[in-house]
Amino acid sequence: MAKTSRQKILFIDDIPALCEEMVDTLRGEHLDAESNLSPLDAIPKVVQGDYDLVITGLVIAELGGFDIIRRIRGAGCRVPIIMVTGFGTEQSAIEAARLGVADYLTKPIERKELVARVRRVLVEHAPAVPERPKSLARMISGDAKMNAIFEKVKTIAPTESRVLILGETGCGKQLLAHAIHQQSKRSKEPYVEVNCAAIPANLLESELFGHEEGAFTGASKRRVGRFETAGKGTIFLDEIGELSFDLQSKLLHVLDSGKFTRVGGNNDLKSHARLVSATNRDLSKEVAQGRFRADLYYRLNVISIELPPLRERPGDIGILAQHFMNQFVTDGRQPPTFTTSAVDMMKVYPWPGNVRELQNFAEQLAVLHQGPRIEVTDLPSRIVQHALGVPHASPTESAERIPFRKAKDQFEKEYLLKVIQDANGNLAEGARLADMDRGQFYRLAKRHGLTTNSDL
Ligand SMILES: Nc1ncnc2c1ncn2[C@@H]1O[C@H](COP(=O)(O)OP(=O)(O)OP(=O)(O)O)[C@@H](O)[C@H]1O
Ligand SMILES: [Mg+2]
């Protein structure tokens with residue numbers, strides 16, 4: 001759970017006794033709180049990111065609570081705000097909800113209840129990154145499946161065995177291949193990458209094995225191929241599934257005999273490089289369908305590592321997003337942090353482009369986002385829409401008669417979606433709007449796939 005003790009709270013009200021009471025109550029609970037009697041003095045400090053939570057009264061002579069919120073939001077600041085009032089009406093509760101307050105409290109309110117609600121808002125808006133991600137060379141991860149892969153790599157990297165890396169596009173195959181080299185006994189030797197899909201088929205043989213002068217039209221001088229350059233290091237053949245049949249046979253020969261010849265040459269050259277290969281195709285299926293040689297497949301696949309897609313690594317979403325954000329903010333600003341609610345919503349999105357898509361998303365936010373926090377409302381609509389689902393016809397309007405249980409389920413989901421949308425994706429606020437117990441609301445949202453927060 002996030003630490004709440006270092007998050008700073010500001011209470012705004014123009015009655016000194018109220019300020020004193022609020023600050024004493026919060027400090028008494030080890031919360032870092034201060035007060036300001038003047039909204040006009042406080043707002044610029046709030047907007048520049050000095051506080052993690054603002055608590056404001058409603059009736060203040062200099063500037064009323066609603067205007068305070070409008071000014072803070074108008075300046076693009078998304079700090080969570082709690083409104084506390086002794087003058088609460090239904091109308092003001094609705095207006096506060098419309099302005100997206102994190103909580104709305106009417107007096108009298110017990111100290112215990114006040115502190116509990118303040119803590120809850122702090123936790124929900126706390127930076128979401130867990131404390132100690134694991135790393136392997138340039139890869140990082142906070143997900144158990146990936147950590148198990150890191151351990152496997154540490155075991156197999158120092159051996160001489162060939163490795164085949166499988167996984168969808170953008171999930172880190174290239175980075176993993178390099179990590180294997182770096183963790184191996186060959187790390188001081190060359191590391192050579194060849195993308196088999198990026199080189200035209202008629203040039204790939206010469207790229208891999210080199211050619212002699214005059215071997216073909218345009219071969220004006222001898223060229224050393226990648227196997228030779230790799231020497232006693234590692235050669236990484238990316239997109240191996242794209243190799244033509246002809247080259248599959250030639251590669252098989254190299255793997256069996258440990259020798260190759262330059263195109264147009266007669267001399268056998270010895271290959272000492274360790275081979276690591278990768279593909280986003282299902283190679284066993286390619287073999288079954290006759291598109292990839294079975295004998296080559298078995299020789300490449302001595303050790304296989306299957307990288308799971310990002311949607312199956314929920315523990316990685318927050319860590320990687322923050323990692324990339326920190327990398328992309330290079331102008332001396334403090335990089336903005338993702339809130340727990342934002343990361344929860346990102347976990348529901350399927351990330352078809354995997355880590356590369358997350359990286360691009362973080363880069364865009366790093367350039368465009370102002371302010372210290374990335375909230376649910378800062379996420380692009382494709383992510384929010386996905387988490388909130390696509391609205392469908394109401395079960396009662398449907399022509400088809402469906403079982404009661406299914407209709408109830410549909411209604412529940414639709415109702416929750418609407419409430420969560422009205423609450424800008426904030427589940428706690430959603431529970432309040434629905435007048436439901438928070439735990440019950442969270443459980444229901446989770447059952448309908450509207451949140452994946454594993455702590456619930
Ligand atoms: N665990 C990770 N930690 C840090 N960065 C990562 C991680 N995984 C992937 N990346 C980054 O994400 C991007 C995509 O990774 P990479 O190129 O290794 O994927 P790939 O599986 O080879 O993709 P493709 O199939 O499209 O070639 C790269 O910029 C890489 O540095
Ligand atoms: Mg790649």
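Look up: the structure comes first, before these words.
Summarised in this report is the structure supplied together with it.

How each quantity is defined
- Residues numbered from 1 in each chain as written.
- Chains lettered and ligands numbered in written order.
- Predicted model: local features only at pLDDT ≥ 70, side-chain atom pairs only at ≥ 80, totals over all residues.
- Heavy atoms only, no water.
- Buried < 20%, exposed > 50% of the residue type's maximum accessible area, 1.4 Å probe, protein only.
- Helix = DSSP H or I, 4+ residues; strand = E, 2+ residues; numbered from the N terminus.
- Pairing = 2+ DSSP bridges.
- Right-handed = clockwise from strand over helix to strand, strands pointing away.
- Axes fitted to C-alpha atoms, helices over the stretch in contact; angles between N-to-C directions.
- Parallel < 35°, antiparallel > 145°, perpendicular 65-115°, else oblique.
- Left-handed = near helix turned anticlockwise from the far one by under 90°.
- Contact = heavy atoms within 4.5 Å.
- Nonpolar A, V, L, I, M, F, W, Y, C, P; charged D, E, K, R; others polar.
- Lys, Arg positive; Asp, Glu negative; His and termini not counted.
- Salt bridge = Lys/Arg side-chain N within 4 Å of Asp/Glu carboxyl O.
- Polar contact = N/O pair within 3.5 Å; in protein donor to acceptor, adjacent residues only side chain to side chain.

Some points on the pairing of strand E4 (residues 81-85)
Okay, so step 1: Most of E4 sits inside the fold, with five of its five residues counted as buried.
Okay, so step 2: Taking every second residue as pointing to the same face, both faces of E4 are buried, with Ile 81, Met 83 and Thr 85 on one and Ile 82 and Val 84 on the other.
Okay, so step 3: Both strand E3 (residues 53-56) and E4 contribute to a ladder of three bridges, which runs parallel. Pairing of Ile 55 across the sheet is with Ile 82, part of E4.
Okay, so step 4: With respect to chirality, the unit in which E3 leads through helix H3 (residues 65-74) into the neighbouring parallel E4 is right-handed.
Okay, so step 5: Note that E4 and strand E5 (residues 103-106) share four bridges and pair parallel.

Digging into the environment of Thr 89
Okay, so step 1: Along the chain, Thr 89 falls in the loop between E4 and helix H4 (90-98).
Okay, so step 2: C-alpha separation for the pair Thr 89 and Asn 301, spaced 212 residues apart in sequence, amounts to 69 Å.

Comments concerning the packing of helix H8 (residues 201-209) against helix H10 (residues 245-257)
Okay, so step 1: Remark: H8 packs on H10, axes separated minimally by 10 Å, with the N-to-C direction vectors making an angle of 15 degrees. When the axis of H8 is compared with that of H10, the two are roughly parallel. In the crossing of H8 with H10, the sense of the turn from one axis to the other is right-handed. Packed against H8, whose contacting residues are Ala 201, Leu 204, Glu 205 and Phe 209, the element H10 presents Asp 246, Leu 247, Lys 250 and Val 254 at the interface.
Okay, so step 2: Per-class residue counts for the contact of H8 with H10 are five nonpolar, no polar and three charged.

Structural notes on the side chain of Asp 13
Okay, so step 1: The residue Asp 13 is located in the loop between strand E1 (8-12) and helix H1 (16-28) in this model.
Okay, so step 2: Buried and without a salt bridge, Asp 13 has Lys 107 as its closest oppositely charged side chain, separated by 5.5 Å.
Okay, so step 3: Reaching out from Asp 13, the side chain makes a polar contact with the backbone nitrogen of Ile 15 at a distance of 3.2 Å.

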